[in-house]
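# Structural features, examined
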Amino acid sequence: MQYPDRRVFKLLLLLLDLVVLVAAFQLAVETRIALNRFYGFQMTHEVVERLVPPLGLILLLWIPSSAWLELYKPRRGAVMGSLLQVFECVAALSVLTIVVIFFFRDFGEGSSRTFVVFFAGWSLALLVLDRAALRGALAVCQWMGYAQERVAIAGGGVDAKRLAEHIESSRPLGIELCGVISTAAEPAAGVLGNPVPVLGPVGDAAALINAHRLDRIIAVVAEMDRMQVQSLAAICTRMGVTLNRLPAHAEVQAARLKVHEIAGLSLFELRGIQFTPGQERIKAVFDLVLGSVLLVVLSPLMLALALLVKATSRGPVFYVAPRVGKGGRHFPFYKFRSMVADAEARKREVASLNEKSGHLFKIRRDPRLTAVGRFMRRYSLDELPQVLNVLRREMSLVGPRPLPACDLDPDGLSKEHAFWAQERTRVLPGITGRWQVRGRSDLGFDDMIRHDLAYARSWSVWQDLMILVQTVPAVLRGRGAC
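For the structure given in this document, a descriptive report is provided here. Please read these numbers as outputs of a predicted model, since none were measured by experiment.

### Quick word on empty space enclosed by the protein
A complete count under the given rule lists five cavities of 30 Å³ or more for this structure. Within this model, the largest cavity holds a volume of roughly 90 Å³. Forming the walls of the largest cavity are 14 residues, and the residues nearest its centre are Val324, Gly325, Arg424, Thr425 and Pro429. Residue contributions to the lining of the largest cavity peak at three residues, all from helix H13 (residues 418-424). Taken together, the residues that form the lining of the largest cavity break down as nine nonpolar, three polar and two charged. Gly399, Pro400, Arg401, Arg424, Gly433, Arg434, Trp435, Gln436, Met448, His451, Asp452 and Tyr455 are the residues that line the second largest cavity. Of all elements in the fold, only helix H14 (434-437) and helix H15 (445-457) reach the threshold of two or more residues within the lining of the second largest cavity.

### Considering the nonpolar core
Grouped together as the largest cluster of nonpolar side chains are 28 residues, with contacts concentrated most on Phe25, Trp62, Leu93, Phe115, Phe119 and Leu127. The element contributing the most residues to this core is helix H1 (residues 6-34), with nine residues. The contacts of Leu127, once residues within four sequence positions are left out, are Asp17, Val20, Leu21, Trp62, Val86 and Val90. With 22 residues, the next largest nonpolar core counts Cys178, Ile181, Ala219 and Val229 among its residues.

### Digging into helix H11 (residues 371-378)
All buried positions along H11 are accounted for by Val372, Gly373, Met376 and Arg377. For H11, the angular spread of buried residues about the axis comes to 135°, placing them on one side.

### Quick look at the packing of aromatic side chains
The full count for this structure, using the stated rule, is five aromatic pairs. Aromatic side chains Phe25 and Phe115 sit 5.2 Å apart centroid to centroid with 75° between the ring planes, which places their arrangement in the edge-to-face category. One end of the pair, Phe25, is in helix H1; the other, Phe115, is in helix H5 (residues 113-143), with 90 residues separating them in the sequence. Residue classification places Phe25 among the buried residues on the basis of a relative accessible area of 8%. The class of Phe115 is buried, set by a relative accessible area of 1%. Geometrically, the ring pair formed by Phe318 and Phe336 is stacked, given 5.4 Å between the ring centres and 15° between the ring planes. In this pair, Phe318 sits in strand E8 (residues 318-324) while Phe336 sits in strand E9 (residues 330-336), placing the two residues 18 residues apart along the sequence. Chaining the aromatic ring pairs together yields one cluster made of Phe25, Phe115 and Phe119. Of note, Arg323 hangs over the ring of Phe333, and the distance from its end group to the ring centre comes to 4.1 Å.

Parameters and conventions
- Residues numbered from 1 in each chain as written.
- Predicted model: local features only at pLDDT ≥ 70, side-chain atom pairs only at ≥ 80, totals over all residues.
- Heavy atoms only, no water.
- 1 Å grid on protein atoms, 1.4 Å probe; cavity = no way out; pocket = protein on both sides within 12 Å on 5 of 7 lines; lining within 4 Å.
- Points joined across faces, edges and corners; volume = space filled by probe spheres on them.
- Helix = DSSP H or I, 4+ residues; strand = E, 2+ residues; numbered from the N terminus.
- Nonpolar A, V, L, I, M, F, W, Y, C, P; charged D, E, K, R; others polar.
- Core = buried A, V, L, I, M, F, W, Y, C linked by side-chain atoms within 4.5 Å.
- Buried < 20%, exposed > 50% of the residue type's maximum accessible area, 1.4 Å probe, protein only.
- Contact = heavy atoms within 4.5 Å.
- Arc of directions from axis to C-beta.
- Phe/Tyr/Trp six-rings, centres within 6.5 Å; stacked < 30°, edge-to-face > 60°.
- Lys NZ or Arg CZ within 6 Å of the ring centre and 35° of its normal.

Here's what the structure looks like:
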C-alpha cells in the first residue's frame, strides 16, 4: 500500500462527503417526523418532497460552498481540512439552501425551516465523524507500516546527518526515511551511513526516484551548489516528486511553492505544474467517473477472461511489469497475461524477430502468445485491467501509451530521443490514444513520436472524448494489433 496521492484522496473524500450528506438528509427527515408531537403540523413521509429542500439542490450547493471555503485545499499540508472549515462549509450550505428556497419557492412559503436546522446538525456531526474515521484508519495503516510517504534527504554533510537523525528520532507518522542522496563526490566516512544509507549521487536522482519509489525529497541547500539545486528541482518537477526546502529561484518559476511541515520542521515545498489546476481536476474527475463505470460494466467480461487465462495455460492471471508514467516515474502496469509464463526469459530468443525500431518491440506472430492471448491481443481485451491503473491515477483513459521501463533509461527518459521522452511524460499515459486509433502497430516509432507530441501539446476534454469514441471501431476491426 503506497502513500495515497493527495489529489485522489481529496476526490474520494468529496465523494464520501456527498454520501454523508445524503445520510444526513434522511436522518433530518426522520428526526423531524419523530418530533411531530412538538409541532402543530404533522409531517409524514408522503409530504416530505413538498416541504423539505430537494436533495439534489443541497448536493449541488455543497460544491460551491466547499470550493469557496477551500475545504478540499486545506492549509499546512493537511488532507481533510480543519473542524473550523467543516463548520464553515455546513453553515454556508445551510444559508445558501435557505436563500435559494426563499427566492425560488414562493419566498419559502410551505417549506420546513426546522428541517434545515436538523440537517445542519446531522451534517456537521457526520462530516466530523467521517473525517475522524478516515484519520484513524490512515493512522492505523501508517502505524502498521502501510500508506507511508517515502522520503529521501539530498545533502552531503553534517546538516544532512542532523536532519536525518531528527526525522529518525521523531518518527513522524506516515514518513519512511529511505536514505540520503549524496551531493558530495565522496561522502565523508561516518558522516552519513547506517542506519540512514546513502542511496547514490544527486546526478542519478531520477533513477534513484524510480529505484526507491520516492514521494518526497528534502534538499539541504547549504550543502548543494546552484547547479545541483536547479537540476534536482527540474527532475522533481518532471517526475511529480515533492521537493522541500528549496528557495525560490528565477529558474523554477514554472512551479508553485508553499510551506509544509514534517516532524515539526517548516519546509518550503515545490510542486511542478503541467496543466492548470482546473484542467487537472477536470481530467481526474473524467477518469474517475468513467473509469468507475467501465469497471462495473466490464467486470463480468473481465472475470470470464481471467477464468479463461487460468484454465488454458500455466502461470498467473495478470501480467504486472514496471512501465514509465508521468514524469518518468515507474508504476506497476496491469494486463491479462497473454503469453506463456516464461515469456520474459525467452525475449532474447525472439529479439531478432522484432518488426519495429526505436523504443518499440512488436512481433506480429509472436511464438510466445497463448491461444487465448492471441484472441485477447487482437481485440485489446488484455488491456482491460488497466482501468485499475486509471483509478489509481497512474494512468488516464486517454494519453500516450506507457512504454516498458526496461526499454528506456533508468530515469524513465531516453538519451536518444530526449525531447520526445520529456514531452510525452508531461501527461499521464493512457489506455488508448491518438496512436491507437490511427493504426496501432501498423504505425512506426516516428509516427508514435508525432502523435505523442501532438496530444501532449493540445490536450482537451473534447479531444479525449473523440479518441474514446474512435477507439471502439478501431478495436472491433482488430487492425494493427499484435
